[in-house]
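An overview of the molecular structure
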Amino acid sequence: QGIPWPPKDNPVLYKPALPARYRGIAAPLGIKGAIEVEASPWLEDNQWVLDQAANNPIVLGMVGNLEIGKPDFRKNFDRFHKNPLFLGIRCGNLWDRDLGTDMKNPEAIANLKALADAELELDIANPTPALLADVLRLKDRIPNLRIVLDHLPQIELPTGVLRELGKRPQIYAKVSEVLRRENGQVPTELSFYKPRLDELYEIFGQDRLMYGSDWPNSDIWAPYPEVLKITRAYFADKGPAVAAKIFHKNSQAAYRWKKRSSSS
């Protein structure tokens with residue numbers, strides 16, 4: 001059947017990224033659990049991921065990929081929501097979808113209200129200024145919806161919109177895709193990334209930022225240990241209590257994941 005992404009001509013990403021491979025990379029670094037965020041638009045891939053997670057307790061849960069404006073959303077949502085490892089859905093600039101267009105559809109808004117009422121979260125994929133403005137409007141329409149913003153460190157975004165999002169409760173931001181290229185190189189010094197991280201920390205604070213590896217996509221920029229090292233170094237300067245929030249407690253608040261083993 002193949003896969004919708006990544007393409008075969010991507011030598012870095014076109015390989016299996018299964019729990020055993022992740023555990024081999026992450027466990028030596030002290031990582032005890034992760035949440036899978038689904039990139040495939042195929043409905044049954046949600047079930048496939050849940051099946052993979054069933055016997056791999058390092059996977060604390062998954063964020064599914066369902067189209068909020070589709071007539072069969074509620075049926076599919078009810079199906080996957082029965083599994084306690086299904087923690088939310090992903091929405092945004094992915095597979096030619098558009099949140100702003102979806103928000104004009106009353107059925108889509110009703111589906112997102114059902115998501116919020118079920119106490120599941122909404123991951124926002126690949127932010128742009130327009131998408132974040134839509135997120136702000138969405139949050140005001142559904143105040144009890146928990147929202148997770150991804151990949152903010154790598155993108156130049158209007159500070160005003162970010163500050164407005166930072167004022168809204170239950171909006172969390174992932175410290176993911178921290179590394180970026182400058183003149184064809186990927187800097188490995190914390191000083192290069194610190195100004196952007198300082199800005200996000202000032203806006204979202206120690207209670208609503210959380211680490212996200214973006215693995216395996218992070219392999220495009222650097223091996224996993226290098227990706228983690230930059231973020232660990234930044235939050236180490238803020239003390240162990242803050243680091244515990246960034247690398248553990250805040251993700252639990254955002255995703256409501258539950259321990260699957262004594263080491264989670």
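Everything discussed here concerns the structure shown above.
Computed from a predicted structure; not experimentally measured.

Bringing the pattern of salt bridges into the picture now. The final tally for this structure, using the stated rule, is 15 salt bridges. Ionic pairing is found between R168 and E164, a salt bridge with its closest N-O pair at 3.1 Å. When salt bridges with common partners are traced through the structure, they connect D140, E164, K167 and R168 into a single cluster.

For strand β2 (residues 59-64), the tally of buried residues reaches six of six residues, placing the bulk of the element in the interior. Sheet topology places strand β1 (residues 34-37) next to β2; four bridges connect them, and they run parallel. Bridge pairing in β2 links I35 to G61. For the crossover from β1 across helix α2 (residues 43-54) to β2, the handedness is right-handed. Looking at chain direction, β2 and strand β3 (residues 86-92) are connected through three bridges and run parallel. Within β3, the position partnered with V63 by the bridge is G88.

Under the 1.5 Å per step criterion, the end-to-end length of helix α5 (residues 106-117) is 16 Å for 12 residues, consistent within 8% with the ideal 16 Å. For α5, the complete set of buried residues consists of A108, I109, N111, L112, A114, L115 and A116. Looking at the buried residues of α5, the elements they touch are α3 (73-81), β3, α4 (99-102), β4 (121-125) and α6 (129-141). Put simply, N105 is the residue that caps the front of α5, since its side-chain oxygen is 2.9 Å from the backbone nitrogen of E107.

Time to look at the environment of R146. In this fold, R146 is placed in strand β5 (residues 146-149). Judged by its relative accessible area of 3%, R146 falls in the buried class. Setting aside residues no more than four positions away along its own chain, R146 makes contact with E119, L120, E121, L122, Q170, A253, A254, Y255 and R256.

Within the structure shown, the criterion is met by nine aromatic pairs. Relative to F235, the ring of Y201 lies with its centre 6.2 Å away and its plane at 55°, an arrangement referred to as tilted. Of this pair, Y201 sits in helix α8 (residues 190-204) while F235 sits in helix α9 (residues 224-236), and the two are 34 residues apart along the sequence. With a relative accessible area of 18%, Y201 lands in the buried category.

What counts, and at which threshold
- Residues numbered from 1 in each chain as written.
- Predicted model: local features only at pLDDT ≥ 70, side-chain atom pairs only at ≥ 80, totals over all residues.
- Heavy atoms only, no water.
- Salt bridge = Lys/Arg side-chain N within 4 Å of Asp/Glu carboxyl O.
- Buried < 20%, exposed > 50% of the residue type's maximum accessible area, 1.4 Å probe, protein only.
- Helix = DSSP H or I, 4+ residues; strand = E, 2+ residues; numbered from the N terminus.
- Pairing = 2+ DSSP bridges.
- Right-handed = clockwise from strand over helix to strand, strands pointing away.
- Expected span 1.5 Å × (residues − 1).
- Contact = heavy atoms within 4.5 Å.
- Polar contact = N/O pair within 3.5 Å; in protein donor to acceptor, adjacent residues only side chain to side chain.
- Phe/Tyr/Trp six-rings, centres within 6.5 Å; stacked < 30°, edge-to-face > 60°.

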